[in-house]
Amino acid sequence: MKHLIALLALTLSVLTPAHATEVAGVKLDPSLTIQGESLNYYGAGIRSKYFMKLYVGSLYAQQAGLDADGILASDKITAVRLNILSGMITSERMIDTIEEGFDTATDGNVAPLRERLDRFMAVFDAPVEVGDQFTMVSIPGAGLEAYKNGQLLTLVEGDDFRHALFTIWLGNKPADKKLKAAMLGE
């Protein structure tokens, strides 16, 4: 009987998803620690265009059970992570995509964010390669931290900026509706 219980415990420990989730070959951590705060994995999906897998987008948040509007309005730290899958993603394409996303997120009123947006775009100055990881961390009351491959590249001040950036993935007109749903764990 002791052997049966030990075998059952071992089987359950192997089947329990206590380790990272994997999407398109990208291992995703069940949580992130940012500024001493634990952010839990919400969900992840693939951004595709013309049947090409471009990147895995994942969402992490301190609060569980929020919908997109709740995450955008949250006064807690949240993070969007992009893991690049395709060589089709270049610095220029990232900049163009972010510009387009900000235009949509602000209903064409990018002017109040222009100076900060230009500073943020420096995150994509260096070549973007397959395997690169970009993490954007929304810090209410402070703004947005942007990391590339774990290295902090910039802090862009302002709740309006961080909200506009996250609206690209989580807003009413997201860049990819399927990716939005997957990031929300739907």
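Above this text you will find the structure in question.
Residues numbered from 1 in each chain as written. Predicted model: local features only at pLDDT ≥ 70, side-chain atom pairs only at ≥ 80, totals over all residues. Heavy atoms only, no water.

## A short note on the nonpolar core
Here comes step 1: Counting residues in each nonpolar core, the largest one holds 38 residues, and the members touching the most others are I98, F102, F120, M136, L165, W169 and L170.
Here comes step 2: For this core, the element with the highest residue contribution is helix α5 (residues 159–170), accounting for seven residues.
Here comes step 3: Leaving out residues up to four positions away in the same chain, I98 has contacts with L117, F120, M121, F124, L165, I168 and W169.
Here comes step 4: Listed in part, the 14 residues of the second largest apolar core include V26, A44, V56 and A79. (Core = buried A, V, L, I, M, F, W, Y, C linked by side-chain atoms within 4.5 Å. Buried < 20%, exposed > 50% of the residue type's maximum accessible area, 1.4 Å probe, protein only. Helix = DSSP H or I, 4+ residues; strand = E, 2+ residues; numbered from the N terminus. Contact = heavy atoms within 4.5 Å.)

## Looking at the packing of helix α3 (residues 91–105) against α5
Here comes step 1: Packing of α3 against α5 brings their axes to within 8 Å, and their N-to-C directions diverge by 105°. As far as their axial angle goes, α5 and α3 are roughly perpendicular. Contact residues: α3 offers I98, G101, F102 and A105, while α5 offers F161, A164, L165, T167, I168 and W169.
Here comes step 2: Residue classes in the contact of α3 with α5 are distributed as eight nonpolar, two polar and no charged. (Axes fitted to C-alpha atoms, helices over the stretch in contact; angles between N-to-C directions. Parallel < 35°, antiparallel > 145°, perpendicular 65-115°, else oblique. Nonpolar A, V, L, I, M, F, W, Y, C, P; charged D, E, K, R; others polar.)

## Comments concerning the pattern of salt bridges
Here comes step 1: Inspection of the entire model under this criterion finds eight salt bridges.
Here comes step 2: D160 is the salt-bridge partner of R116, the closest N and O atoms lying 2.7 Å from each other. You can see R116 sitting in helix α4 (residues 114–121) and its partner D160 sitting in helix α5, a full 44 residues away along the chain.
Here comes step 3: As a salt-bridge pair, R119 and E157 come within 3.0 Å of each other at their nearest N and O atoms. With R119 in helix α4 and E157 in strand β9 (residues 151–157), this residue pair connects regions lying 38 residues apart in the sequence. (Salt bridge = Lys/Arg side-chain N within 4 Å of Asp/Glu carboxyl O.)

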